[in-house]
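Fold and geometry: a report
The chain contents come next:
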Amino acid sequence: MGIVTLDKDVAAARESCRIVRKVLNELAQFTRPGVTTAEINALGRDIIRKEGAVPSFLNYNGYPAAVCISINREVVHGIPSADRVVEDGDIVGVDVGAYKNGYHGDAADTIMVGSVSPEARRLVDVTYEARNRGIAAAVQGNCVGDIGHAVQSYVEANGFSVVHQLVGHGIGRKLHEKPQVPNYGKAGNGMKLSNGLLLAIEPMVNAGTAMVRYLQDGWTVVTEDGALSAHAENTIMVNGNHPEILTA
Ligand code: MF3
Ligand code: CO
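This one's a predicted model, so the numbers in the text were calculated from it and none came from an experiment. (Residues numbered from 1 in each chain as written. Chains lettered and ligands numbered in written order. Predicted model: local features only at pLDDT ≥ 70, side-chain atom pairs only at ≥ 80, totals over all residues. Heavy atoms only, no water.)

For the rest of this paragraph, the subject is the site of ligand 1. Close contacts around ligand 1 come from 13 residues, with Tyr63, Asp95, Asp106, His169 and His176 the closest. A distance of 3.4 Å separates an oxygen atom of ligand 1 from a polar atom in the side chain of histidine 77. Residue aspartate 106 places a side-chain N or O atom 3.1 Å away from a nitrogen atom belonging to ligand 1. Contact with the protein chains removes 95% of the 330 Å² of surface that ligand 1 exposes when unbound. (Near = heavy atom within 4 Å. Polar contact = N/O pair within 3.5 Å; in protein donor to acceptor, adjacent residues only side chain to side chain. Areas by Shrake-Rupley, 256 points an atom, 1.4 Å probe, with all protein chains shown as cover.)

So this is what it looks like as structure tokens:
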């Protein structure tokens, strides 16, 4: 479990997360119609390395890139490709992990490219607000289920669905640690949250069915009905009533 208590460990987690946010910001600037997802990945990988970090995802269980890029009906874990060109109106999920001084940081954004449809915009807005509400529930003494409940109730009240087949996670010396952090749940259920716990809170929100499936590449997760999906993730540290958003 990713609970940090020593100052030097907190500093290391903050540093990895700072790098992740820097990469996401630069990739958001770079992502426009005509660029390929391979180019986005290469830029992200290079910034991570220039910062003295290692891309957390590259070779993780055989994943072949530094950045996951998932467009429109793709939910998460899209594999960058020189053949995949970003188009006007796309919603582009960009997920970045960096490892430095023994700690991982992990965060994702969904970038709206050019003129996206009103429905796509609403999906992305709801996803970010759901993430924020999940984070706000990550206070000392609350439970993991309070996070999921905050996310799910907001998303469903807005007519969208949360993916159940994939979850957020503890993070720290390993990319994925206990506990699992589902984007659904009941208030008061699950593990109690204590100070210093590092969590990656990452709602995946679908415009249609909650069901997802894997493509033949073994990685890319897509919506079963082909409808749009959005993803937003931050790494946070539980800290009394005010979670510290390390990838802010
Ligand atoms: N943020 C994602 C996750 O926590 C990214 C993992 S991609 C992988 O699952 F390639 F590393 F698996
Ligand atoms: Co994650």
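From this point, the discussion proceeds with the structure in view.
Here we take up the sheet that holds strand 11 (residues 212-214). Read from one edge to the other, the open sheet built from three strands follows the order 3-12-11, with strand pairing classed as antiparallel. With partners counted over all chains shown, the strands left at the sheet margins are strand 3 (74-76) and strand 11, one partner each. For this sheet, the mean inter-axis angle between neighbouring strands, taken without regard to orientation, is 40°. Relative to strand 12 (residues 221-223), strand 11 runs antiparallel, the two being bridged by three bridges. In the sheet register, tyrosine 214 faces strand 12, and the bridge partner there is valine 221. (Pairing = 2+ DSSP bridges. Helix = DSSP H or I, 4+ residues; strand = E, 2+ residues; numbered from the N terminus. Axes fitted to C-alpha atoms, helices over the stretch in contact; angles between N-to-C directions.)

To continue, consider the packing of aromatic side chains. Within the structure shown, the criterion is met by one aromatic pair. Aromatic pair tyrosine 63 and tryptophan 219: ring centres 4.9 Å apart, planes at 80°, arrangement edge-to-face. Of this pair, tyrosine 63 sits in the loop between strand 1 (54-55) and strand 2 (67-71) while tryptophan 219 sits in the loop between strand 11 and strand 12; the two residues are 156 residues apart in sequence, bridging distant segments of the chain. Each of the two residues, tyrosine 63 as well as tryptophan 219, counts as buried. It is arginine 32 that lies over the ring of phenylalanine 30; its NZ or CZ is 5.4 Å from the centre. (Phe/Tyr/Trp six-rings, centres within 6.5 Å; stacked < 30°, edge-to-face > 60°. Buried < 20%, exposed > 50% of the residue type's maximum accessible area, 1.4 Å probe, protein only. Lys NZ or Arg CZ within 6 Å of the ring centre and 35° of its normal.)

Here we take up the coordination of the cobalt ion (ligand 2). Taken together, Asp106 (OD), His169 (NE2), Glu202 (OE) and Glu233 (OE) make up the protein donors of the cobalt ion (ligand 2), found 2.1 to 2.4 Å from the metal. Considering all six donor atoms around the cobalt ion (ligand 2), angles at the metal cover 68 to 169° and the coordination shape is irregular. For the cobalt ion (ligand 2), the single-chain donor residues occur in sequence as D-x62-H-x32-E-x30-E. Placement of aspartate 106 in strand 5 (residues 103-112) and of glutamate 233 in the loop between strand 13 (229-231) and strand 14 (234-237) is noted, with a sequence separation of 127 residues between them. Its relative accessible area of 0% is what places glutamate 233 among the buried residues. (Donors = N, O, S within 2.8 Å, 3.2 Å for Na, K, Ca; no water. Tetrahedral: all angles 85-135°; square planar, octahedral: opposite > 155°, others 65-115°.)

A few words now on the pairing of strand 8 (residues 177-181). Consecutive residues of a regular strand have side chains that alternate between opposite faces of the sheet. Here strand 7 (residues 168-170) pairs with strand 8 via three bridges, running antiparallel. Paired with histidine 169 across the strands is glutamine 180, a residue of strand 8. Hairpin connection from strand 7 to strand 8: six residues lie between these consecutive antiparallel strands.

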